[in-house]
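Remarks on the overall topology
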Amino acid sequence: MSSFEETEWSAVDCAADYLKKADAIIPQRPKLMGLLRSFYLHFFGDNLNSGQPRKIVELGSGDGAFTEELLKTGQNIEATLIDGSAEMLTRARLRLASFQGLRFIRSPFQKLTSNDAIPEGADLIFSVLAIHHISKEEKQELCELIYASLAPGGFFINIDDCIPSSSLIEDWHVERWRKEVIEKGAELGIEIDPQTYIDKHNAPEHRKNLETVAALCGTLDAVGFVGAECFYRDGIFTLYGGQKPAAS
Ligand SMILES: C[S@@+](CC[C@H](N)C(=O)[O-])C[C@H]1O[C@@H](n2cnc3c(N)ncnc32)[C@H](O)[C@@H]1O
């Protein structure tokens, strides 16, 4: 089992640097936020200020920007934000200070099976660019836990890094990403060297955990999810997920 403390994410500087540059590193962030919001409203957007709150869980929440996107819809939501980084959770608490019904839990994904941090009966468990940091075996274990924690009919959505099956195609995706990072950085006034992030993407320690979308969806199928597939893809970034059967 890998340890969160051994990763760069346990350092305060890493969290701060990512948050400063996230909108340029992932040029599609606004699009991905819009897709998550649209998914939520399509499947759960029926309890504005009424009924039981919907339980949502964000894994690897960072400073909570994606959870905020759902809270801003005004829907009745009870959110749990989980991250291994104390710095990220401090920033999430600040960012989301005006919202009610939130839980912030510091835990590495690798410890979630033993600490009951994920609430039972969640309607939606989602994650953004975090799960690819753990090994394939740890991903399988996490997906089993996510499945067990969801309410019947609940969904898991993961927005994450993926690789195509051909390295030729990956070269094209990465070159396109390089150009988009430069353009977005210039547009937003963020000083950024795309090569730093391309090197991180290619580093053996990072790469060994990356999978094709087909493999990622295959893990969901194996765990019992239905309708597992890629809902959106742009180069190395994908949004995929599946549903726990309503009658399980
Ligand atoms: C690239 S950041 C994404 C943050 C946020 N989801 C966003 O998109 O702004 C990855 C996040 O995953 C967290 N993370 C990485 N590996 C983790 C692990 N093994 N257990 C828990 N959190 C982890 C990091 O602390 C960081 O907050």
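A brief look at the structure comes next. (Residues numbered from 1 in each chain as written. Predicted model: local features only at pLDDT ≥ 70, side-chain atom pairs only at ≥ 80, totals over all residues.)

Okay, the overall build of the protein chain next. Counting its secondary structure elements, the protein chain contains 10 helices and 7 strands. The C-alpha extent of the protein chain, read off along each of the three principal axes, is 50 × 40 × 35 Å. The burial tally for the protein chain puts 35% of its 248 residues in the buried class. In the protein chain, of all internal contacts separated by at least 6 residues, the share reaching a separation of at least 24 is 69%. (Helix = DSSP H or I, 4+ residues; strand = E, 2+ residues; numbered from the N terminus. Buried ≥ 20, exposed ≤ 12 C-beta atoms within 10 Å, placed from the backbone. Contact = placed C-beta atoms within 7 Å.)

Moving on, we get to unusual backbone geometry. Of all residues except glycine, most have a negative phi; of all peptide bonds, most are trans. Despite not being glycine, Asp116 shows a phi value in the positive range, around 55°. Within the secondary structure, Asp116 is located in the loop between helix H5 (112-115) and strand S4 (122-128). Residue Asp116 is classed as exposed on the basis of its C-beta count, with 11 C-beta atoms lying within 10 Å.

Around the ligand, the surrounding shell holds 22 residues, and the nearest of these are Gly60, Gly62, Gly84, Ser85 and Ala130. For the shell around the ligand, the residue count by class is 13 nonpolar, 8 polar and 1 charged. (Near = placed C-beta within 6 Å. Nonpolar A, V, L, I, M, F, W, Y, C, P; charged D, E, K, R; others polar.)

This part is about helix H4 (residues 86-95). Here H4 has its buried residues at Met88, Leu89, Arg91 and Ala92. Angularly, the buried residues of H4 cover 160° about the axis, an arc narrow enough to put them on a single face. For H4, the exposed residues set more than 90 degrees away from the buried face come down to Ala86 and Leu94. Contacts made by the buried residues of H4 are with helix H1 (12-25), strand S2 (77-83) and strand S3 (102-106). (Arc of directions from axis to C-beta.)

Below, the discussion takes up the sheet that holds strand S5 (residues 150-161). Ordered by their spatial adjacency, 7 strands build an open sheet running S3-S2-S1-S4-S5-S7-S6, and the pairing between neighbours is mixed. Two strands lie at the open edges of the sheet, namely S3 and strand S6 (226-234), each paired on one side alone. Averaged over all pairs of adjacent strands, the angle between their axes in this sheet comes to 15°, without regard to strand direction. Pairing between S2 and S3: 5 bridges, direction parallel. (Pairing = 2+ DSSP bridges. Axes fitted to C-alpha atoms, helices over the stretch in contact; angles between N-to-C directions.)

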